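These are the residues of each chain, in order.
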Amino acid sequence: MLEQWKKWARAIKRDAHALYLAARDPRVPWIAKALALAVAAYAASPIDLIPDFVPVLGYLDDLIIVPLGIALVIRLIPAPIMAEHRALADVAMERPVSRSAAAVIVGIWIAAIALTAWLAYRRFGR
């Protein structure tokens, strides 16, 4: 059962990446692009239909709405184009993740926040 859930989660992750790639493809209809953007915005947005602090129901809307949105957008994209982008997403998922690059980016963000705090302190702290 756990393996099925992992397989489903990987498929959702792959399809989300494939939708991102498809949304940039000029062969994809504009309505599919708009809905892909809406689904991605809902998934990334901190504002939900049901707030996450509500027990069980808070996360249930994310578990239902996002996969249904992805399924709807996939149906609007022509099958050959979606297959092409799924293959590209599979290749991208197989690439190794660079932890050192992530550490550099986090370091840059920390330095930028520290610099901003220091400048704000010099300007307003006196």
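The structure contained in this document is the topic of the report that follows.

Conventions we followed
- Residues numbered from 1 in each chain as written.
- Predicted model: local features only at pLDDT ≥ 70, side-chain atom pairs only at ≥ 80, totals over all residues.
- Heavy atoms only, no water.
- Helix = DSSP H or I, 4+ residues; strand = E, 2+ residues; numbered from the N terminus.
- Rg over C-alpha atoms; globule rule 2.2 N^0.38 Å.
- Buried < 20%, exposed > 50% of the residue type's maximum accessible area, 1.4 Å probe, protein only.
- Patch = residues over 30% accessible without salt bridge, like charges linked within 9 Å, V, L, I, M, F, W, Y side chains within 5 Å.
- Areas by Shrake-Rupley, 256 points an atom, 1.4 Å probe, with all protein chains shown as cover.
- Salt bridge = Lys/Arg side-chain N within 4 Å of Asp/Glu carboxyl O.
- Expected span 1.5 Å × (residues − 1).
- Arc of directions from axis to C-beta.
- 1 Å grid on protein atoms, 1.4 Å probe; cavity = no way out; pocket = protein on both sides within 12 Å on 5 of 7 lines; lining within 4 Å.
- Points joined across faces, edges and corners; volume = space filled by probe spheres on them.
- Nonpolar A, V, L, I, M, F, W, Y, C, P; charged D, E, K, R; others polar.
- Contact = heavy atoms within 4.5 Å.

Here we take up the overall build of the protein chain. Looking only at helices and strands, one finds five helices and zero strands in the protein chain. For the protein chain, the α and β elements follow one another from N to C terminus as α-α-α-α-α. Its C-alpha atoms give the protein chain a radius of gyration of 19 Å, more than 25% over the compact-globule value 14 Å for 126 residues. With respect to the principal axes defined by its C-alpha atoms, the protein chain has extents near 60 × 35 × 35 Å. Considering the protein chain as a whole, with its 126 residues, one finds that 20% of them fall into the buried category.

A surface patch of nonpolar side chains, about 820 Å² in accessible area, is lined by Leu-49, Ile-50, Val-56, Leu-57, Leu-60, Leu-63, Ile-64, Ile-65 and Leu-68. Of note, Leu-57 is situated in helix α3 (residues 57–76). A relative accessible area of 44% places Leu-57 in the partly exposed class.

What follows concerns the pattern of salt bridges. Oppositely charged side chains can form a pair if their charged atoms are brought close together. Evaluation of the coordinates by the stated rule reveals four salt bridges. A salt bridge links Asp-15 to Arg-86; its shortest N-O distance comes to 2.8 Å. Of the two residues, Asp-15 sits in helix α1 (residues 2–23) while Arg-86 sits in helix α4 (residues 79–94), which places them 71 residues apart along the sequence. Between Asp-25 and Arg-27 there is a salt bridge, and its shortest N-O distance comes to 2.7 Å. Several salt bridges share partner residues, and in doing so they unite Arg-14, Asp-15 and Arg-86 into one network.

Attention now moves to α4. Here α4 contains 16 residues, and its C-alpha end-to-end distance of 23 Å stays within 8% of the 22 Å for a straight helix at 1.5 Å per residue. Of the residues making up α4, those classed as buried are Ile-81, Met-82, His-85, Ala-89 and Ala-92. All buried residues of α4 fall inside an arc of 90 degrees around its axis, so they share one side. Facing away from the buried surface of α4 by more than 90 degrees, the exposed residues are Ala-79, Pro-80, Val-91 and Glu-94.

Of the voids in this model, the largest pocket is the one considered here, and its volume is about 230 Å³. Lining the largest pocket are 14 residues, with Ala-16, Leu-19, Tyr-20, Ala-36 and Ala-40 positioned closest to its centre. Counting only elements with at least two residues in the lining of the largest pocket, the list comes to α1, α2 (30–44) and α3. At six residues, the largest contribution of residues to the lining of the largest pocket is made by α2. Taken together, the residues that form the lining of the largest pocket break down as twelve nonpolar, no polar and two charged.

Moving on to the environment of Ile-31. Structurally, Ile-31 can be placed in helix α2. Take Ile-31: its relative accessible area is 38%, and that puts it in the partly exposed class. The sequence separation of Ile-31 and Ala-11 amounts to 20 residues, and the corresponding C-alpha distance is 23 Å.

A turn of α-helix holds 3.6 residues, and therefore any two residues three or four places apart point the same way. Helix length check: α3, at 20 residues, gives a terminal C-alpha distance of 29 Å against a target of 28 Å (1.5 Å per residue), a fit within 8%. Tucked into the core, α3 has its buried residues touching α1, α2 and α4.

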